[in-house]
2 protein chains.
Amino acid sequence: MQNSGSKPCSCPSLKLREVASMYFTMVAAFLVILVVALQGSAPRQSDFPYKVPLDPQGLLELSWNVSYPEQAVHFQLLIRELQFGLLFGMSDRGEFENADLAVLWSDGHNSYFGDAWSDAKGQLHMDSQQDYQLLGARRAPEGLYLLFRRAFSTCDPKDYLIEDGTVHLIYGILEKPVRSLQAINISALHGGLQRVQLLKPNISIPQLPSDMKTMEITAPDVVIPSQETTYWCYMAELPEGFPKHHIIMYEPVVTAGNEALVHHMEVFQCAAQFDSFPHYSGPCDSKMKPDRLNYCRHVLAAWAMGAQAFYYPEEAGLAFGGPGSSRYLRLEIHYHNPLVFKGRRDSSGIRLYYTATLRPYDAGIMELGLVYTPVMAIPPGEDNFILTGYCTDKCTQLALPAAGIRIFASQLHTHLAGRKVVTVLSREGRERQVVNADRHYSPHFQEIRMLKEVVAVFPGDELITTCTYNTEDRSRATVGGFGILEEMCVNYVHYYPQTQLELCKSAVDPGYLHRYFNLVNRFNDEEICMCPQVSVPQQFYSIPWNTFNRDVLKSLYSFAPISMHCNKSSAVRFPGEWEKQPLPSITERLREPGPRCPPAPGAQPAAPVPLNLGRLRR
Amino acid sequence: MQNSGSKPCSCPSLKLREVASMYFTMVAAFLVILVVALQGSAPRQSDFPYKVPLDPQGLLELSWNVSYPEQAVHFQLLIRELQFGLLFGMSDRGEFENADLAVLWSDGHNSYFGDAWSDAKGQLHMDSQQDYQLLGARRAPEGLYLLFRRAFSTCDPKDYLIEDGTVHLIYGILEKPVRSLQAINISALHGGLQRVQLLKPNISIPQLPSDMKTMEITAPDVVIPSQETTYWCYMAELPEGFPKHHIIMYEPVVTAGNEALVHHMEVFQCAAQFDSFPHYSGPCDSKMKPDRLNYCRHVLAAWAMGAQAFYYPEEAGLAFGGPGSSRYLRLEIHYHNPLVFKGRRDSSGIRLYYTATLRPYDAGIMELGLVYTPVMAIPPGEDNFILTGYCTDKCTQLALPAAGIRIFASQLHTHLAGRKVVTVLSREGRERQVVNADRHYSPHFQEIRMLKEVVAVFPGDELITTCTYNTEDRSRATVGGFGILEEMCVNYVHYYPQTQLELCKSAVDPGYLHRYFNLVNRFNDEEICMCPQVSVPQQFYSIPWNTFNRDVLKSLYSFAPISMHCNKSSAVRFPGEWEKQPLPSITERLREPGPRCPPAPGAQPAAPVPLNLGRLRR
């Protein structure tokens, strides 16, 4: 079986041996394999290094491994209480329609396994091509193990393309016997979804030094405000005389029960210019917040919902402590409380693992993407609206060392309308490399991801971050900003050696946006409001969103000059002219990834046919 | 060989028999076929009903047939003086780069045949999949015949997709022996291109009645003006008392030597309301032209460069003569004289074949697409700019009979920048059927084409004509109009039964275009010119063509209301409000045609795999 599975698409350059092999495989598949061998020995734990429960009760447990040489994933699915079968599969955003499914079903007497797909109405169909390849099934005391294999990319247009980034896994449990695959009623199933990064990079966890210590930066006993969005600020401080250390790992500390409320957390170090900072624990936008806290903007650690512990690469650590560095830290927690719970107490924060044995390089975090400003907005009712943030050549030229920096991890961030985020490196106008891409991005699964390949960025390079949004459920424009119903487009990249550059982000020039408002108001014969007291969000909310106004907004964003934030911290820009900067121009784009589907075989091999015409031109 | 060729893409649903057959085919291809059988008997003439010389001297002659059941073309290529081989193939617009080629070459000793492709630099490569299938080669007194077959659509991404409409055939002659395919230097070849409609419809020429007569409407002894564009008007008249006849066929009469100057010709019938029309032979835009000639706008016959004789379907003919119809005809000839020849004399025109035995239906010609007006313009430097003309539901509701009309032929027309023309029928907002499509349209090959399928159009239907233009070689905007460097977007559809509707065309509302000019001038901080004496072309010429102004023009054309010409003749509209009409909205589009490339085979057939798990849930 495994033999047959290793060449799912052998069409492109049909060699004789392969054709013969295919021939015998087909015969075998039809005539011989009626029963799958029940393997005697359990697969070793190390065979499947990644594991996730699919359902909240843990009845279904998925383990898997990734083979990059084979371009395939091997799955081991443990079904603790098998009833009459189950569905397991993948779809764009976790929906049961248009899904790619492996199905195990029983008619009460016999059991079957097959590769299927669901159409837009949720009706199941057998795939014309079976790409979930069953490798084995085994009963054990804890349940039934199913072992199967799936290539990243198949040649079947009904199949899901397994890509980097988020994969929405879906499962459904068959509680009654079914006559056939087609008889399964998806809408009646008990099922759900689980988001995972299926294609984990081949990176081993670095060894941790023996002198490692931990420190918890948590805001003790916060009463989460009964409002949808709160940014909570809490000041902590390092012991006096704390020397320079390297943070080599950190992980979230989330108060049990508050997992759905703690949206993201960041630890910032304060500016060294001040000897002391006031203690504070309260909302970041409170009038009571001391102004000096605005000088605490150097990111030490960042975590967002869905992320796991974060490890620095062996050659780098994040510096903190020591002379020239402030003892004061600001913890910022974004509480997302849409159900407006009252009196909920929280003591979440981040646990830092650090060492005094400094690694060769200091690491840093840099924000790419869009400035948090309402000038970048998405019209309502869009299924696929793209906003782009730029880190320009001018900024990298000024801020990066000649030897460049190495990006080793990335955390993509948007609010609820985000659907895709991609950052691309461009050099001399040509896109060279994807820094990080998630084409099934979910704001509910914002991990920090180690990159498969470290990306080298040199002075003069451009980093272009595009975010795709869906606002089909919204009736008014979504503007950029901090609120959960406002939007962000950010890629926090983790890199070394650390530089002063903390923010390399852009937004459209506000003057050009003003021209846009005037233009569409005039064009649509609307009452022209140029009264300066009307805010940018109010202007966006008042636009009648016809196709023309939508199209022209897109044209504006892809044409108008930008305002650059090329900043040492949120508040301090690098010296230079950063307003009305030209948009980076791209002359050569990377190709969109698609299923690598080789052509089907022709009738003849790729060799010339000799002709016996005698000598020509005798 | 033919056996193996009939299933070029057998991957999709691999059946056992096919796999076995493929296996033996491959063995055969590798080991057995070293010499192509030299057929003993010549193929019959009727096997290849279509014929065209490829080169101006007629050394290469291509005959072909089309098998719609097999979805394949069989070619017979006669090479009169074979030297060391030749290239024959197809490409998007007749270029030798990115072409799909069948190559016959000789190294001086042996000859070879193969399916190849040329890359963007003109370098030849062997196709991984051989889709030009050699069926035979035969020496005859007149030369060498090569017989080969090509499916319309292959699974090879390097292959040309044979579609309806124009196909640009290319040929090249090898004058020296070559070591290998790769050694062929395309740029040094003697070669050229020939445009043909490869996929001729399966329509037989209707029988012509025995009482058929002919009449030539020609402008005698015109001295073609020494200027690039001339529309020549010539008045002719039918004999007094000429009764109603049916035109059942017509063909061009082009003065020998002027084939490249006579761009298109039309015969119009004058309005019956006037008893007589002045004789006139001169430019249509001359001040000397009598105004009354503007009442001669009912199309009787239309021909354009590249078209052949035109036959009406057996059940219809074009009525002329008889009471209520004018005796006066206006012949309009568009002379295109870019080299400004002086004193060239011409007596071209159209020869009508007509009968007194009336057929069941009167036929008519209707113009779809865009009004000839500068408000529809294409920015310079565009490789792919689309303009759309509408025939709205409101117009067809008013002008078409309840039983509808049948479109049986169509002639697409643009000037030099035209690259594609497509007309689609839409009903209740859903695109239903392609009326005529040419995705490799050339303004130098404007045939009237019989449709494969007659298209029924009912009151309330919409006919949407899109033209795609390339203005990469131009430095200023191309506006709509009559000049050869201005543009048109027209589909002349031939239909029956005849109605009063002669023109169903649109253009953007001029008021909205005016808003566009104001808008881009303001946006770009240009001096705002709203002076009414500046013409629309001058306004277009003065626009700085940045991406914003281009994008917004596209947005305007796909948003702004239209001015409809729903006309009985160019000068007379149907009663109703035709200004500021809403654009037809399309909720469902037809899919773009693409290569129908089935998926490559999976490792397993499409059948569930039975498992022996015992009874579940015991």
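Residues numbered from 1 in each chain as written. Chains lettered and ligands numbered in written order. Predicted model: local features only at pLDDT ≥ 70, side-chain atom pairs only at ≥ 80, totals over all residues. Heavy atoms only, no water.

**Student:** Teacher, can you tell me more about the pairing of strand β10 (residues 166-173) of chain B here?
**Tutor:** Successive residues of a regular strand alternate their side chains across the two faces of the sheet. Residues and elements named next belong to chain B. Burial runs high along β10: eight of the eight residues are buried. The alternating pattern of β10 places Thr166, His168, Ile170 and Gly172 and Val167, Leu169, Tyr171 and Ile173 on opposite faces, both of which are buried. With six bridges joining them, strand β4 (residues 85-91) and β10 adopt antiparallel strand pairing. Paired with Ser91 across the two strands is His168, which belongs to β10. When β10 meets strand β11 (residues 190-197), the two strands line up antiparallel, connected through eight bridges. Its bridge partner being in β11, Ile173 is matched across the sheet by His190. (Buried < 20%, exposed > 50% of the residue type's maximum accessible area, 1.4 Å probe, protein only. Helix = DSSP H or I, 4+ residues; strand = E, 2+ residues; numbered from the N terminus. Pairing = 2+ DSSP bridges.)

**Student:** Would you mind showing me how to read the domain arrangement of chain A here?
**Tutor:** Residue and element names in this part refer to chain A. Looking at chain A, the domain boundaries give domain 1 (50-200), domain 2 (203-359) and domain 3 (364-515 + 557-592). Its C-alpha centre places domain 1 at a distance of 35 Å from the equivalent point of domain 3. Across the contact, 14 residues belong to domain 1 and 13 residues belong to domain 3. With both chains or domains summed, domain 1 and domain 3 bury close to 1200 Å², and 43% of this area falls on carbon and sulfur atoms. Of all residues in domain 1, Arg93, Thr166 and Arg195 bury the most surface against domain 3, accounting for 46% of the area lost on that side. (Domains from an automatic or database assignment. Contact = heavy atoms within 4.5 Å. Buried area = accessible area lost by both parts, 1.4 Å probe.)

**Student:** What's the story with the sheet that holds strand β2 (residues 60-67) of chain B in this structure? I'm lost.
**Tutor:** The strands that make up a sheet are held in pairs by hydrogen bonds between backbone atoms, and each pair lies either parallel or antiparallel. Residue and element names in this part refer to chain B. Here five strands make up an open sheet; going across it, the order is β1-β2-β3-β9-β8 and the pairing antiparallel. Only two strands of the sheet have a single neighbouring strand rather than two, namely β1 (50-53) and β8 (133-140). Recorded for the sheet is a direction-independent mean angle of 20 degrees between the axes of neighbouring strands. With seven bridges connecting them, β8 and strand β9 (residues 143-151) associate as antiparallel partners. In the strand pairing of β9, Leu134 is matched with Phe148. (Axes fitted to C-alpha atoms, helices over the stretch in contact; angles between N-to-C directions.)

**Student:** What is the right way to look at unusual backbone geometry in this model?
**Tutor:** Glycine aside, the phi torsion of most residues is negative, and most peptide linkages are trans. A cis geometry characterises the amide bond from Tyr496(A) onward to Pro497(A), with omega recorded as -10 degrees. Relative to the assigned elements, Pro497(A) resides in the loop between β34 (490-496) and β35 (503-508). Non-glycine residue Glu428(A) carries a positive phi angle of around 55 degrees. Mapping Glu428(A) onto the fold places it in the loop between β29 (418-427) and β30 (430-438). With a phi angle near 55 degrees, Val340(B) is a residue other than glycine that sits in the positive phi range.

**Student:** I would appreciate a short explanation of the packing of helix α6 (residues 547-557) of chain A against helix α6 (residues 547-557) of chain B in the present structure.
**Tutor:** Angle between the axes and distance between the axes: these two values describe a pair of packed helices. Following both chains from N to C, one finds α6(A) and α6(B) inclined at 165 degrees, their axes separated by 9 Å at the closest point. With respect to α6(B), the element α6(A) is oriented roughly antiparallel. Of the two elements, α6(A) crosses α6(B), and the hand of that crossing is right-handed. For the pair α6(A) and α6(B), contact is made by Phe548(A), Asp551(A), Val552(A), Ser555(A) and Leu556(A) and by Phe548(B), Asp551(B), Val552(B), Ser555(B) and Leu556(B), respectively. Here the contact of α6(A) with α6(B) is composed, by residue class, of six nonpolar, two polar and two charged. (Parallel < 35°, antiparallel > 145°, perpendicular 65-115°, else oblique. Left-handed = near helix turned anticlockwise from the far one by under 90°. Nonpolar A, V, L, I, M, F, W, Y, C, P; charged D, E, K, R; others polar.)

**Student:** Mind showing me how you'd approach the UniProt feature "domain: DOMON" (unreviewed entry) in chain A here?
**Tutor:** Annotation from UniProt places "domain: DOMON" (unreviewed entry) at residues 58-174 of chain A. As annotated, residues 58-174 of chain A has a helix share of 0% and a strand share of 56%, and its two end C-alpha atoms lie 16 Å apart. (UniProt positions renumbered as here; feature names shortened; annotations may be inferred.)

**Student:** Whenever I open this one, the state of the cysteines confuses me. Can you help?
**Tutor:** Every disulfide links exactly two cysteines, by a covalent bond between their sulfur atoms. Residue and element names in this part refer to chain A. Taken as a whole and judged by the stated rule, the model has 10 disulfides over all chains. Each sulfur in the disulfide pair Cys270 and Cys296 lies 2.0 Å from the other. On the sign convention where negative is left-handed, the bridge of Cys270 and Cys296, at about 95 degrees about the S-S bond, is right-handed. Taken together, the positions of Cys270 in the loop between β16 (262-269) and β17 (281-283) and Cys296 in the loop between β17 and β18 (298-304) put the pair 26 residues apart, joining distant regions of the chain. Cys270 gets classed as buried once you look at its relative accessible area, which sits at 6%. A sulfur-sulfur separation of 2.1 Å characterises the disulfide bridge that pairs Cys391 with Cys504. What sets the handedness of the Cys391 and Cys504 disulfide is the S-S torsion sign, and at about 90 degrees it is right-handed. (Disulfide = S-S within 2.5 Å.)

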